[in-house]
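Observations on the three-dimensional arrangement
Next come the chains, spelled out residue by residue.
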Amino acid sequence: MKTSNWFFALTVLVLSACNPGLNVPPTDINNQKLNSLLTLELGENTVYTQDFIADVAVIDSVTAVGEGIEVMLYDSRRLIRVDLTEDAGELFDLQLWIRGNAYSVPCRKSDKVKYTFVYDPQGTTPERVQLAGQMNDWTPSATPDLVLNEQGKYETELYLSPGTYLYQMSIDGEQNHDVGNPLKVDNGYGKFNSILQVPGNHDRLPVLITRKAEHRKIYLSYQQEVQELAVYWQNHRLPDHFVRFGKGEIAFDMPVEASKVERSYLRIWASNRFGVGREVLIPLHKGKPVSDAGQLTRKDPHTQIMYFMLVDRFKNGSVSNDRPMNRPDVYPKVDYYGGDLAGLQQVIDSGYFEKLGVNTLWISPLSQNPDEPYGYYAPKDTKFSGYHGYWPVSSSKVDDRFGSNDEFKKLVKQAHAREMNVLLDYVANHVHELHPLYQRNPGYATPLYLPDGTMNVEKWDEHRLTTWFDTFMPSLDFSNPEVVEMMTDSALFWLSEFELDGFRHDACKHIPEEFWRMLTLKIKKKFPDKALYQIGETYGSPKLIAGYLTTGMLDGQFDFNVYDIANTTFAGVSGDLTRVQDVLRSSLSNYGQHNLMGYISGNHDKPRFMAYASGDLSMGEDAKAAGWEREIGITDSTAYDRLLLFHAFNLTIPGVPVLFYGDEIGLTGGNDPDCRKMMRFDGWNNREKALWEKVAILNHLRRANPVLMYGSFIELKNSPTVWVYARKYFDREAIVVFNISEQSKKITVNLPDYFDQEELHSTFGHTVVRSGNELVVELPPLSAEILL
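Within every chain, residues take consecutive numbers counted from 1 along the sequence as written. Side-chain atom pairs in this predicted model are given and counted only at pLDDT of 80 or more, local residue features only at pLDDT of at least 70, and totals for whole chains, interfaces and linings cover all residues. Note that water and hydrogens are dropped before the side-chain values are worked out from all heavy atoms of the structure.

**So, the overall build of the protein chain**
In terms of helices and strands, the protein chain carries 15 helices and 42 strands. In this treatment the radius of gyration is a C-alpha quantity, and the globule benchmark scales as 2.2 Å times the residue count to the 0.38 power. Here the C-alpha radius of gyration of the protein chain, 26 Å, is about what a compact globule of 788 residues would show, namely 28 Å. Based on the C-alpha atoms only, the size of the protein chain along its principal axes is roughly 85 × 70 × 65 Å. Per-residue burial for the protein chain yields a buried fraction of 59% across its 788 residues. Any two residues whose heavy atoms approach within 4.5 Å are treated as being in contact. Pairs at least 24 residues apart make up 71% of the contacts formed inside the protein chain by residues separated by at least 6 positions. The convention is simple: Lys and Arg are positive, Asp and Glu are negative, and His and the chain ends are not counted. To locate a charge, take NZ of a lysine, CZ of an arginine, CG of an aspartate or CD of a glutamate. For the protein chain, the distance from the average site of its 79 positive side-chain charges to the average site of its 103 negative ones is 5 Å. By the criteria applied, helices consist of DSSP H or I runs no shorter than four residues and strands consist of E runs no shorter than two, each listed in order from the N terminus. For every residue, the accessible area obtained with a 1.4 Å probe (protein chains only) is divided by the maximum for its type, and the residue is called buried under 20%, exposed over 50%, and partly exposed between those limits.

The structure is reproduced here in C-alpha cells:
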C-alpha cells in the first residue's frame, strides 16, 4: 500500500477490536512454504507458476498489484510473462487467483545499474583482455571482451547490483588479479582476487523495526522514508484496510485465520525510491508472535543448528562391518577408516549432540559405493576408495560398510525422539560407472567428449550442466525427462523409506532447474503436511546461487562467499571486518535477512580453519599437497581463540549455522583428504575442552533466544578489527561485539533510540558499561561478547 499522512493516534481507533479475516483456507498445500521474494528485470521476465501453486490447472487468473507491470498467463497456466517498464515501482505483487483467493508472490525491481569497468594495462598492449569474476560466474566468455579506449585503457559496460565483486583479469589467456587495482585478497590457490566495489544506496533504504504486539495487532516503527509497504500472512497479502501508517510508525491487524493454525508467519517489506529494504519475519504461535523458545520445535527451520559428519570418519561402532581395502595402490589416508551408523548411533545415544546444542544432523551419502578403488593422485601413486560416499552404485541400498537400511531407519527414529532432524546428503548429478542405471542405459549420461574432441571433465563453469567430475563418474543428462523422473523418484524413496527431514544436495549448479522444480513439486504433493528442508551446494556468484532459491526449488544454499572472506579474516591471514560486512550485506540483500542459507565453519572440501589460524598452513600454498606431504599441527594456540570468533559470527548472524565435525574442538588439517581425519571424542587437551564448552554455550544461547533466530540484523559499528551489530525482535535485543586485533580494545557504540532493553547481560563476562544510549565494552585481544 502507499503511505498516507494519517496520525498514528487515529490508527488505534480505526483498527477494529475484532480481528478481520481474509476468507482464505487457514492451511493448504500452497501455504506449505512461504513464497520467496522475486527479483525481476526491466523488460520481459518469465515466472514459473509451479513454484508457487502445486496444481497449476486450478489457477483462474493472474494479476499484478502495482503500476508499470503487464502480466500474461500462458503455456497451459505453467508460465507467467511479466513485463516491467520504467514506471514500475520498486516493490509490487503478483497474485495467482484460485476460486476467489489470491496467492501473492512478492516482487522487487532489480537494482542493477550501468557500470563502466575500466582496466589499466600499466603501459602494456595485450591483444585480448577479458574479465572473469563473480559478475559473470568466472566465465570470461560470458562478458564481451574489453575494448581499447582513447586513453589507452580497456573498458566494457556491465549491469551490476550495488555491492562488491571478486574478479580476475584474463590477459591473452593468462588469468590473475588486476594489477591496476590495489584492492585484492588471497584466493588460496597461489594468486589473488581483485575487489570491485559498485556503490549503492544501502543507507537510504527503509528499515523496519518490530516494536510490540498487543490486542492482536502488530506495531512497527521505521527509519528512512517509506513509500510502499507490503504485509503478508502466509502467502496472502493483507488488504490496505488492515494496515495504517502514522508518523514513523505502522500498525496492522493479524487476520483471524492466524489463530486457527499452530504455526504461521507474517512478513513485511517496505520500499522507497532507492529500493526495497530488508524484510521483517514474525513467526506466530496460534495467532500470537512467538515470544519464547519453548514455543519452537525442530520443525521450525530457523531454529536449526546443523552438524555435518562424514560417516566413515566419525566413529567406528561395529568392527563387524569393517572392510578396508588394505592394498598397496590405496594410501591409508584415502581408505575406509571404519566409521559407521552404529558409531553415529552411539554418539546420539550418549547425548553428545544435545549437550553441544545442535538439533539437525547432516549425514554424508550412504548409498552403496564400489568395492574397487578409482581415481589417481600421482604424487603419492595412489587410487582412492569410496569412503566418502559420493560414488553411488546403488540408489536404494545403504553401503554395507556403514550398516544397513534397518539401522538407518532406527537411527532416524531415535534422532526424532531426541528432537533432532536428519538430513541426508543426496547425490543426483552423477553416478559411478558401475551403477546399473548407467550400465543399462549409457545414453542417460551426458557425452564424455565435447564436439572439439576434448574431454568434458572438470569444466565447472564453461560446461557446468554437462561436465563430468571424473572419467568414471558419468554426469546424468537431465534434459531427458526419463532421467528427471527416475532421479526425483529415487530421492522420494529415501525421504519416505527413512522418514528423513530433508536433503543436503550435492553439486546443485551442475543440475538444471527442471530437476529441482520436479523434485520439490513431488515432495510437496507426497508430504503435504511437512515442510521438508532442502539445502544445496553451489560455488558461484550470488546471482547463480539465488537462481535456485525459490519456493519451487531449494530453501537455502551454503553461502561460500561469506565463508571465504569470514574464514580468512577471523583466521587472521587475509581480509578484514569491513570486507566481511560488505559481503554479508550483499548476501542479506540477495537472499533476505531471514534466509535459510547455510553458514559453515568448514567442510570436507576445504582446509581446516585451524591450519591457517595457527600459521601451519600458508595462504597461497597448495593446501591439498601440504596435507599429503607433512603433518599439519597447531603451533600457535591463539588459533583456538580465532576459531571461537568464527563460531560466534556464524551463530549470531541470520541463516542456519553449520558445524563441520571436529570444529567444535579445533581439529586441524590441509585440504581433502587431510581435512577428513577421524573425529576424536576423548583425550582432548585443555584448549579443546574450553573451545567445546564455549561453542556449546553459543549453540544453546541461539536456540534459547528468538531474537537470535528471528531478529532483524542492525549494523552499529564497523572497522577493520572491530565490529558491532545487533539483532532486534520486538522488545528484545542481542548486541554482538568483536575485537579481532591482537590488542585490548575499549569499544564505544551509540545505541539507537528504538532499542528497548534496559538491562544487557554479558555472555562471556567481559566488562560492559552503559550510560543512556552509550555502550562501552572492554574486550581483550581476539575476543567477542554477546549482550542479551
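**Section: the pairing of strand 11 (residues 154-160)**
Only one face of strand 11 is buried: it carries Y154, T156, L158 and L160, and the other face, with E155, E157 and Y159, is open. Paired strands, as defined in this entry, are two strands with at least two bridges between them according to DSSP. For strand 10 (residues 147-148) and strand 11, the ladder comprises 2 bridges, and the chain directions are antiparallel. When the bridges of strand 11 are listed, V147 appears paired with E155. In sequence, strand 10 turns back onto strand 11 through a hairpin of 5 residues, with G152 there showing a positive phi of about 80 degrees.

**Focus on the nonpolar core**
Residues Y307, F353, F408, L500, F570, F649 and F738 are the most contacted members of the largest nonpolar core, which totals 178 residues. If sequence neighbours within four positions are ignored, L500 has contacts with F408, V412, V422, L424, W494, L495 and L532. Side-chain atoms within 4.5 Å are what join buried Ala, Val, Leu, Ile, Met, Phe, Trp, Tyr and Cys residues into a set we call a nonpolar core. L40, V82, L84 and V105 belong to the second largest nonpolar core, which has 20 residues in total.

**Concerning empty space enclosed by the protein**
Every definition here rests on a 1 Å grid over the protein atoms only: cavities are sets of points where a 1.4 Å probe fits but cannot get out, pockets are open sets enclosed by protein on both sides within 12 Å along at least five of seven lines, and lining residues have some atom within 4 Å of a point. Grid points are joined across faces, edges and corners, and a volume is the space filled by probe spheres set on the points. Enumeration over the complete set of coordinates arrives at 4 cavities of 30 Å³ or more. Empty space within the largest cavity amounts to approximately 120 Å³. Along the wall of the largest cavity there are 15 residues; nearest its centre are S367, P392, S394, Y426 and V427. Counting only elements with at least two residues in the lining of the largest cavity, the list comes to strand 30 (421-426) and helix 6 (481-498). Polarity classes work like this: nonpolar for Ala, Val, Leu, Ile, Met, Phe, Trp, Tyr, Cys and Pro, charged for Asp, Glu, Lys and Arg, and polar for all others, with Gly in that last group. Looking at the lining of the largest cavity, its residues break down into 9 nonpolar, 5 polar and 1 charged. By volume, the second largest cavity is sized at about 70 Å³. In terms of lining, the second largest cavity is formed by I305, V358, S601, H647, N650, L651, P657, V658, L659, V695 and N699.

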